[in-house]
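What follows is each chain in one-letter form.
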Amino acid sequence: MPTRSPRPPRPESPRLPAAQFWGLVVAVFMMMQLPFVRLPVLFLSTWAHELGHGLGALMTGGRFLELTVYPDFSGVALTQTYGVVSRAAVIIVGLIGPSVLGVLMIGLTRGLGRYRLAMMGLSALLATSLIWAADLFTFAAVGAGALLTGLVGWMLPDRALLYVAYILAIALCLSALTGFGYFFIGNAEVAGAEYRSDTGVLADLWGGPYWLWGGLLALLSVGLLAVGVIASDRLARQR
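In this text, all values refer to a predicted model and were calculated from it rather than measured experimentally.

Some thoughts on the environment of G83
Link 1 in the chain: Note that G83 resides in the loop between β2 (75-80) and α3 (84-111).
Link 2 in the chain: By relative accessible area, which is 48% here, G83 ends up partly exposed.

Structural data, given as structure tokens:
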């Protein structure tokens, strides 16, 4: 009776030792001091912020109408909400959106070693958000991001993809950490016009000073990032 040969074991994804990972964190932080390096990450952070606003509306029974990213990388999400709780959810999910994206990327890369999944998932999310793109620039910028991340995730060999995915995940986490200044202003400028800031609107809805809400949400964002990075690093060490 013929015997079936055992299936060869599936090769494991390449891994980055802990010392190299934390060294890469320092290197990415230094690289992000250069404006031309920071721009793509700034774009993704703005996109994640505005997408978070829209998803907050959908999660609470509202509508996500339009997403706009301007050439100066400010942005606006147009939503339709029903009630104070829904409006507050739109604001909160938008503010923590960049941190959530950073945690998801670091969890998939550092924690699970799923570099290709991380890049392809980001590409799919960018592509999906095109249905809410409000203008040609937003459609072109988000579409280019979807295409580029998709090609990187599909075509790069494993070892090169490891570093690209790590750098992007770390950069998103660092960008979220350094973007908290927006949490502590009452009004914000978007495409040359002044609007009430997110925390300013939250203070108008629920009372209290805007900086109090900004502080609480900044702590929440830091907590999410800290838990995500530490848990991912521990999981990577165990693997």
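A closer look at the nonpolar core
Link 1 in the chain: Within the largest apolar cluster, 45 residues are counted, with the highest numbers of intra-cluster contacts made by W47, M105 and I170.
Link 2 in the chain: At the level of elements, α1 (18-31), α2 (35-59), β1 (63-69), α3, α4 (115-129), α5 (136-155), α6 (158-178) and α8 (210-238) are the ones that each hand at least two residues to this core.
Link 3 in the chain: For this core, the element with the highest residue contribution is α6, accounting for twelve residues.
Link 4 in the chain: Apart from residues no more than four positions distant in its own chain, M105 is found in contact with A118, M119, L122, L168, A169 and L172.
Link 5 in the chain: One finds A88, L95, W213 and L217 within the second-largest nonpolar core, a separate group that totals eleven residues.

Topic: the confidence of the model for the protein chain
Link 1 in the chain: The predicted model of the protein chain has a mean per-residue pLDDT of 86, with 92% of residues at 70 or higher.
Link 2 in the chain: Confidence over residues 8-12 falls short of pLDDT 50; this stretch has one contact with residues more than four positions distant or in other chains.

Let's talk about the packing of α3 against α4
Link 1 in the chain: Following both chains from N to C, one finds α3 and α4 inclined at 150°, their axes separated by 7 Å at the closest point. The orientation of α3 with respect to α4, classified from their angle, is roughly antiparallel. In terms of crossing hand, the pair formed by α3 and α4 is right-handed. In this structure, α3 contributes L101, M105, L108 and T109 to the contact, and α4 contributes Y115, L117, A118, M119 and L122.
Link 2 in the chain: Looking at the contact of α3 with α4 residue by residue, the classes come out as eight nonpolar, one polar and no charged.

Structural notes on the pairing of β2
Link 1 in the chain: Every second residue of β2 is oriented toward a common face, the buried set being G75, A77 and T79 and the non-buried set V76, L78 and Q80.
Link 2 in the chain: Where β1 and β2 come together, six bridges link them in antiparallel fashion. Within the sheet, the bridge partner assigned to E66 lies in β2 and is L78.

Topic: the packing of aromatic side chains
Link 1 in the chain: Applying the stated rule across the entire model yields six aromatic pairs.
Link 2 in the chain: For the pair F43 and F73, a centre-to-centre distance of 6.1 Å together with 55° between the ring planes defines the contact as tilted. You can see F43 sitting in helix α2 and its partner F73 sitting in the loop between β1 and β2, a full 30 residues away along the chain. Both residues of the pair, F43 and F73, count as buried.

What about the packing of α1 against α8?
Packed helices, taken two at a time, are described by the angle their axes make and the gap between the axes.
Link 1 in the chain: Taken N-terminus to C-terminus, the directions of α1 and α8 make an angle of 150°; their axes are 11 Å apart at the nearest point. Taken together, the axes of α1 and α8 are roughly antiparallel relative to one another. Of the residues in α8, those touching α1 at A18, F21 and W22 are V229, D233 and R237.
Link 2 in the chain: Its residues placed into classes, the contact of α1 with α8 shows four nonpolar, no polar and two charged.

Some words on the side chain of E50
Link 1 in the chain: For E50, the position within the fold is in helix α2.
Link 2 in the chain: One buried charged side chain, E50, makes no salt bridge at all; its nearest oppositely charged neighbour is R87, positioned 9.2 Å away.
Link 3 in the chain: At a separation of 3.1 Å, a polar atom in the side chain of E50 contacts the main-chain amide nitrogen of A77.
Link 4 in the chain: If sequence neighbours within four positions are ignored, E50 has contacts with F64, L67, T68, G75, V76 and A77.

Definitions and limits used
- In this numbering scheme, every chain counts its residues from 1 along its sequence in written order.
- Owing to the predicted nature of the model, reporting of local features is limited to residues with pLDDT of at least 70; listing and counting of side-chain atom pairs is limited to 80 or more, with chain, interface and lining totals taken over all residues.
- To get the side-chain values, all heavy atoms of the structure are used, and hydrogens and water are removed first.
- Note on conventions: DSSP H or I runs of at least 4 residues are helices, E runs of at least 2 residues are strands, and numbering of each starts at the N terminus.
- Buried, partly exposed and exposed residues are distinguished by accessible area as a fraction of the type maximum, computed with a 1.4 Å probe on protein chains only: under 20%, between the cut-offs, and over 50%, respectively.
- Here the nonpolar core consists of buried residues drawn from Ala, Val, Leu, Ile, Met, Phe, Trp, Tyr and Cys, with membership extended through side-chain atoms lying within 4.5 Å.
- Working rule for contacts: check all heavy atoms of both residues, and any pair within 4.5 Å makes them a contact.
- Confidence scores here are pLDDT values: one per residue, from the predictor, ranging 0 to 100.
- Geometry is summarised by axes, namely lines fitted to C-alpha atoms with helices restricted to the contacting stretch, and by angles between N-to-C directions that run from 0 to 180 degrees.
- An angle below 35 degrees is read as roughly parallel, one above 145 as roughly antiparallel, one from 65 to 115 as roughly perpendicular, and any other as oblique.
- Here a crossing is taken to be left-handed if its near helix is turned anticlockwise relative to the far helix by less than a right angle, and right-handed if that turn runs clockwise.
- Residue polarity is assigned by list, with Asp, Glu, Lys and Arg as charged and Ala, Val, Leu, Ile, Met, Phe, Trp, Tyr, Cys and Pro as nonpolar; anything else, Gly included, falls into the polar class.
- DSSP calls a pair of strands paired once it identifies at least 2 bridges connecting them.
- Pairing of aromatic side chains requires ring centres within 6.5 Å, counting the rings of Phe and Tyr and the six-membered ring of Trp. Pairs whose planes differ by under 30 degrees are stacked, by over 60 edge-to-face, and all others tilted.
- Only four residue types enter the charge count, namely Lys and Arg as positive and Asp and Glu as negative; His and the chain termini do not.
- Every case where a carboxyl oxygen of Asp or Glu lies within 4 Å of a side-chain nitrogen of Lys or Arg is listed as a salt bridge.
- Residues adjacent in sequence count toward polar contacts only when both atoms are side-chain atoms; beyond that, a polar contact is any pair of N or O atoms within 3.5 Å, and within protein one must be able to donate a hydrogen and the other to accept it.

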